[in-house]
Amino acid sequence: LQSRSNEEIESWINDIKGAGAEPMLQVSRFADVNDAIRWVKYFNIETKNRVQYWNIGNEPNIHRPPGIEAVHDYIVEYARAMKEIDPTITIFVPDDAGYKKDGYQRLCGGDLDITGEKIGDIYLIDGFSWHLYGYWYNYARRHVMDRVQLTYRPIAKDLRSLMAAADAKHNRRGDQKLKWGIGEFNINVSIDVDSDPEKYKTTEGVGHHSFLSGQFYAELYGMCMEEEAFYAASWNIHEKGNRYTNDFGYLDGPMDNPMPRSNYWHMWMLAHNFNGEYCSGTSSQAWAKAFGCRNDNGFSVMLINMYNNRDFDFSLRLDKGTFTKNNSLNISIDADLALEYYDQLPNQTTLLLSFDKSGKLIKKITYSIDHALKTQEP
């Protein structure tokens, strides 16, 4: 923030709020503490264009690494100064480039514990964040299909365990309980796409621009919902749009004529159909993923077939009951509704099903690799 004008930052804040979202501002560790004070004072006191959510850090473990002890010191210094201006703001730290377990253990309840630091009754730190990029090297489809469950879910569970222990240690209750979020995520970073363009640059491949990448996004969001993440933000909206090594946006093509990628449409399906209470799902096929939600209006379920060569007839139950018709794919969503629904789920296809409270299907959205290849919406 220190290199940006008030007007530029405020224009971003206004655009974000205008879209119905809440901004989060990140204070760089290369900034002076007075910069952190200045920004909180400018938005929350002087202009009253309030920013609730703040972050201190940005990959301190790779950008001129200062060591975890120095990270501890500037977090406490900045957070204390910021909350002296506005004690009601929410602060996440340290936004490392990956989850470095030893550092988080030390900051969250360990010898460098920051979770009990206070100004009066106000805790300085409200949550922990990190960045999540899948691959820096050669990888295959099977790696993507396993990544969320085998690698990312254990990380989330590990941090949640640390936070629960810290909450108990410092008597953090209710809204004061520690939260967690993913400050940046993507399927890959800095992959040499020209080494295998058919694999990393095409819709049929496994790179960021692929249909599979959007399914990876959706599965990651499902895991984040189940593990009670406070937020998860992909990197980024638009970055060149040319499908080369450093293009990680969810919009394809030039900025004057952008086209939504699979990443965008999978987020769109979730954003427009998921709210209320998360409902976990189980599937009889490892790479056909499922999860759901329920609210006052009914139920929504997302089904993700990541296989590139297997189509399924499926049976879907919205409870844990016994299937009356076994299919090649059996899916249970823990939504406490005694309903069994039958349909088909082709390979490389995502379905969004919405039911009313009685179990009547009221919406079905299909998004497949064929749609993506034709740049069609779901």
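Everything that follows concerns the structure shown earlier in this document.
Quick caveat, the model's predicted, so the values are computed rather than measured.

Basis of the calculations
Residues numbered from 1 in each chain as written. Predicted model: local features only at pLDDT ≥ 70, side-chain atom pairs only at ≥ 80, totals over all residues. Heavy atoms only, no water. Phe/Tyr/Trp six-rings, centres within 6.5 Å; stacked < 30°, edge-to-face > 60°. Helix = DSSP H or I, 4+ residues; strand = E, 2+ residues; numbered from the N terminus. Lys NZ or Arg CZ within 6 Å of the ring centre and 35° of its normal. Core = buried A, V, L, I, M, F, W, Y, C linked by side-chain atoms within 4.5 Å. Buried < 20%, exposed > 50% of the residue type's maximum accessible area, 1.4 Å probe, protein only. Contact = heavy atoms within 4.5 Å. Pairing = 2+ DSSP bridges. Axes fitted to C-alpha atoms, helices over the stretch in contact; angles between N-to-C directions. Parallel < 35°, antiparallel > 145°, perpendicular 65-115°, else oblique. Left-handed = near helix turned anticlockwise from the far one by under 90°. Nonpolar A, V, L, I, M, F, W, Y, C, P; charged D, E, K, R; others polar.

A. Spatial organisation of the packing of aromatic side chains. Evaluation of the coordinates by the stated rule reveals 27 aromatic pairs. Centre to centre, the rings of F92 and Y231 are 5.1 Å apart; their planes meet at 90 degrees, and the pair counts as edge-to-face. Residue F92 is located in strand β3 (residues 90-96), and its partner Y231 is located in strand β8 (residues 231-234); the two are separated by 139 residues in the primary sequence. Ring geometry for F314 and Y341: centres 6.2 Å apart, planes at 45 degrees, overall tilted. Of this pair, F314 sits in strand β15 (residues 312-317) while Y341 sits in strand β17 (residues 340-345); the two residues are 27 residues apart in sequence, bridging distant segments of the chain. The rings of Y99, Y104, F128, W130 and W180 are connected pair by pair, giving a single aromatic cluster. The ring of Y244 carries the charged tip of K201 above its face, separated from the ring centre by 3.8 Å. For K325, the ring lying beneath its charged end belongs to Y342, and the centroid distance is 4.9 Å.

B. Broad picture of the nonpolar core. The biggest cluster of nonpolar side chains holds 85 residues, and the ones touching the most others in it are W54, M82 and F128. In this structure M82 touches V27, A36, V40, W54, I56, I89 and I91, once residues within four positions along its chain are discounted. Counting residues in hydrophobic clusters, the runner-up holds 22 residues, among them C279, F299, Y341 and L351.

C. A look at the environment of L124. Looking at where L124 falls in the secondary structure, it is placed in the loop between β5 (122-123) and β6 (127-135). In the structure, L124 is positioned 122 residues away from N246 in sequence and 36 Å away in space, judged by C-alpha atoms.

D. Quick look at unusual backbone geometry. Following V93, the chain continues into P94 via a peptide bond in cis, with omega recorded as -15 degrees. With respect to the helices and strands, the residue P94 is situated in strand β3. A positive phi angle, near 50 degrees, is found at E59, a position not held by glycine. Structurally, E59 can be placed in the loop between β2 (53-57) and α3 (68-85). Residue R243 is not a glycine yet carries a positive backbone phi of 65 degrees. Here R243 is to be found in the loop between β8 and β9 (251-252). Residue R243 is classed as buried on the basis of its relative accessible area, which comes to 19%.

E. Broad picture of the sheet that holds β17. With mixed pairing, the four strands of this open sheet are ordered in space as β12-β16-β15-β17. Here the strands that pair on one side only, and so sit at the sheet edges, are β12 (281-283) and β17. On average, each strand axis in the sheet is tilted by 20 degrees relative to the strand beside it, whichever way the strands run. Bridge count for β15 against β17 is six bridges, and the pairing is antiparallel. Bridged to F312 within β17 is L345.

F. Structural context of the environment of F299. With respect to the element layout, F299 can be found in strand β14 (residues 298-305). Residue classification places F299 among the buried residues on the basis of a relative accessible area of 12%. C-alpha of F299 to C-alpha of R106: the two residues are 193 residues apart in sequence and 41 Å apart in space. Not counting the four nearest positions on each side in its chain, F299 is found in contact with C293, R294, L318, A335, L337, L353, S354, F355, D356 and K357.

G. Structural context of the sheet that holds strand β7 (residues 179-188). Across the sheet, six strands lie side by side as β1-β2-β3-β6-β7-β8; this open sheet has parallel pairing. Bordering the open sheet on either side are β1 (24-28) and β8, each of which pairs with just one other strand. In this sheet, neighbouring strand axes are inclined to one another by 25 degrees on average, regardless of whether the strands run parallel or antiparallel. The pairing of β7 with β8 spans three bridges and is classified as parallel. Within the sheet, the bridge partner assigned to F185 lies in β8 and is S234. Relative to the sheet, helix α5 (residues 141-169) contacts β6 and β7, its axis offset from that of β6 by approximately 165 degrees.

H. Looking closely at the packing of helix α2 (residues 33-46) against α3. Two elements in contact, α2 and α3, have axes whose closest approach is 9 Å; the angle formed by their N-to-C orientations is 25 degrees. Classed by the angle they form, the pair α2 and α3 counts as roughly parallel. As for how α2 packs across α3, the hand of that crossing is right-handed. Residues V33, A36, I37, V40, K41 and I45 of α2 form the contact with α3, whose participating residues are E77, Y78, A81, M82 and I85. Here the contact of α2 with α3 is built from residues that sort into nine nonpolar, no polar and two charged.

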